[in-house]
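Listed here are the chains, written in short residue letters.
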Amino acid sequence: MSLFDAHQVDAFDPLRLGQRSLAIKAVFVVAGTLALALASQISVPMVPVPITMQTFAITMIGALYGWRLGALTILAWLGEAMLGFPVLAGGAGGLAPFVGPTAGYLVSFPIIGALTGWLAERGWTGDRVIRSFASHLVANILCLVIGGGWLAVLIGAEKGWLLGVAPFILGAVLKSALAAAVLMGAKIYLGRARLN
Ligand SMILES: O=C(O)CCCC[C@@H]1SC[C@@H]2NC(=O)N[C@@H]21
């Protein structure tokens, strides 16, 4: 057994995606894009960057789907947005958001989803709650660095920080805590269900 396989042996895979057929995985990808579209609509409109539940959904999909299928799902959702479907924050879609103030966050999403998935495959999830929380928080922070960085290019460093990073730090901590709590609950629930 290679070192890589050893990492995966105890992987927390509540959706059992590792054992699913290609067709079922495709269903999960479509369901994931719907969940991301929904999370995009749970938003507090702010200019130029809204508060949304996107990063929560993104890192949850990474943790639940793994890095490959997670990144694919997030890219599929961004593809739907590019085709004009109203799946981004505030029902936006089309190519304009990919060059606008929130473009950096959009670019970061597949990266942070893959990162969370990669860490989850190595045990940073489930009942390892501190590591789980840390993985979601690092992903959220990376999102703010890339998103805020792009915004700073457009409107300057100070405004980029004030409008694109600072208002979202507390939310990043709360969303990471919520994600870690949900994943821990799933692990405990599934552990009990297996014993019954
Ligand atoms: O146009 C979009 O759909 C992307 C919006 C990006 C919102 C970012 S994601 C990170 C930060 N946290 C939030 O709640 N909002 C911003």
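Chains are numbered independently. Their residues run from 1 in the order of the written sequence. A pLDDT threshold of at least 70 governs which residues receive local features in this predicted model, and a stricter bar of 80 or more applies before side-chain atom pairs are shown or counted, although totals over entire chains, interfaces and linings include all residues. Heavy atoms throughout the structure, all of them, feed into the side-chain values; hydrogens and water do not.

- Per an unreviewed UniProt entry, the recorded name for the protein chain is Biotin transporter, and the organism is Rhizobium tubonense.
- UniProt positions are given in the numbering used here, feature names are shortened, and annotations may be inferred rather than shown by experiment. Of the protein chain, the UniProt comment under Subcellular location (unreviewed entry) reads exactly: "Cell membrane".
- Under the UniProt heading Sequence similarities (unreviewed entry), the note attached to the protein chain is "Belongs to the BioY family."

### As for the site of the ligand
- The near set for a molecule or strand comprises every residue that places at least one heavy atom within 4 Å of it. Around the ligand sit 16 residues, and of these Pro50, Thr52, Gln54, Ala89 and Thr102 come closest.
- Here an oxygen atom of the ligand sits 2.9 Å away from a polar atom, N or O, in the main chain of alanine 89.
- Taking 410 Å² as the accessible area of the ligand by itself, protein coverage stands at 96%.
- The cavity that encloses the ligand is the largest pocket.
- We count a stretch as a helix when DSSP gives it H or I for four or more residues in a row; a strand needs E for two or more, and each element gets its number in order from the N terminus. Counting only elements with at least two residues in the shell around the ligand, the list comes to strand S2 (51-52), helix H3 (54-65), helix H5 (103-121) and helix H6 (129-155). Any N or O atom pair separated by 3.5 Å or less is treated as a polar contact, with the protein-specific requirement of one donor-capable and one acceptor-capable atom, and with residues adjacent in sequence counted only for side-chain atom pairs. Each accessible area is a Shrake-Rupley estimate made with a 1.4 Å probe; only the visible protein chains count as cover when residues are assessed. A pocket, in this scheme, is an open set of points on a 1 Å grid over the protein atoms alone with protein on both sides within 12 Å along at least 5 of 7 lines, while a cavity is a set where a 1.4 Å probe fits but cannot get out; residues line either one if an atom lies within 4 Å of a point. Assignment to a cavity or pocket requires that more than half of a molecule's atoms be within 2 Å of the site's grid points.

### A word on the packing of aromatic side chains
- Think of it this way: a Phe, Tyr or Trp ring, Trp meaning its six-membered ring, pairs with another when their centres are within 6.5 Å, and the plane angle makes it stacked under 30 degrees, edge-to-face over 60, tilted otherwise. Counted under the stated rule, the structure contains two aromatic pairs.
- Ring plane angle 90° and centroid distance 5.9 Å describe the contact between phenylalanine 28 and tyrosine 65, whose orientation is recorded as edge-to-face. With phenylalanine 28 in helix H2 (residues 22-41) and tyrosine 65 in helix H3, this pair connects stretches of sequence that are 37 residues apart. Summarising the burial analysis for this pair, phenylalanine 28 and tyrosine 65 share the class buried. Each residue is placed in one exposure class: buried if its accessible area under a 1.4 Å probe, protein chains only, is under 20% of its type's maximum, exposed if it is over 50%, and partly exposed if it falls in between.

### Some remarks on the UniProt feature "transmembrane region" (unreviewed entry) in the protein chain
- The sites that UniProt annotates as "transmembrane region" (unreviewed entry) are residues 22-42, 48-67, 102-121, 133-155 and 161-186.
- As a span, residues 161-186 carries 85% helix and 0% strand, and end to end its C-alpha atoms are 36 Å apart.

### Observations regarding the layout of surface pockets
- The volume enclosed by the largest pocket comes to roughly 500 Å³.
- Lining the largest pocket are 28 residues, with Val49, Pro50, Thr52, Gln54 and Thr102 sitting closest to its centre.
- Mapped onto the lining of the largest pocket, the elements with two or more residues apiece are S2, H3, H5, H6 and helix H8 (169-195).
- Grid points are joined across faces, edges and corners, and a volume is the space filled by probe spheres set on the points. Counted as a void, the second largest pocket has a volume near 370 Å³.

### Things to note about unusual backbone geometry
- The linkage connecting valine 47 with the following residue, proline 48, adopts the cis geometry, with an omega of 5°.
- Relative to the helices and strands, proline 48 resides in the loop between strand S1 (43-44) and S2.
- Phi angles above zero are rare outside glycine, and arginine 16 is one such case at about 50°.
- Note that arginine 16 resides in the loop between helix H1 (3-9) and H2.
- Residue class for arginine 16 comes out partly exposed when judged on its relative accessible area of 38%.

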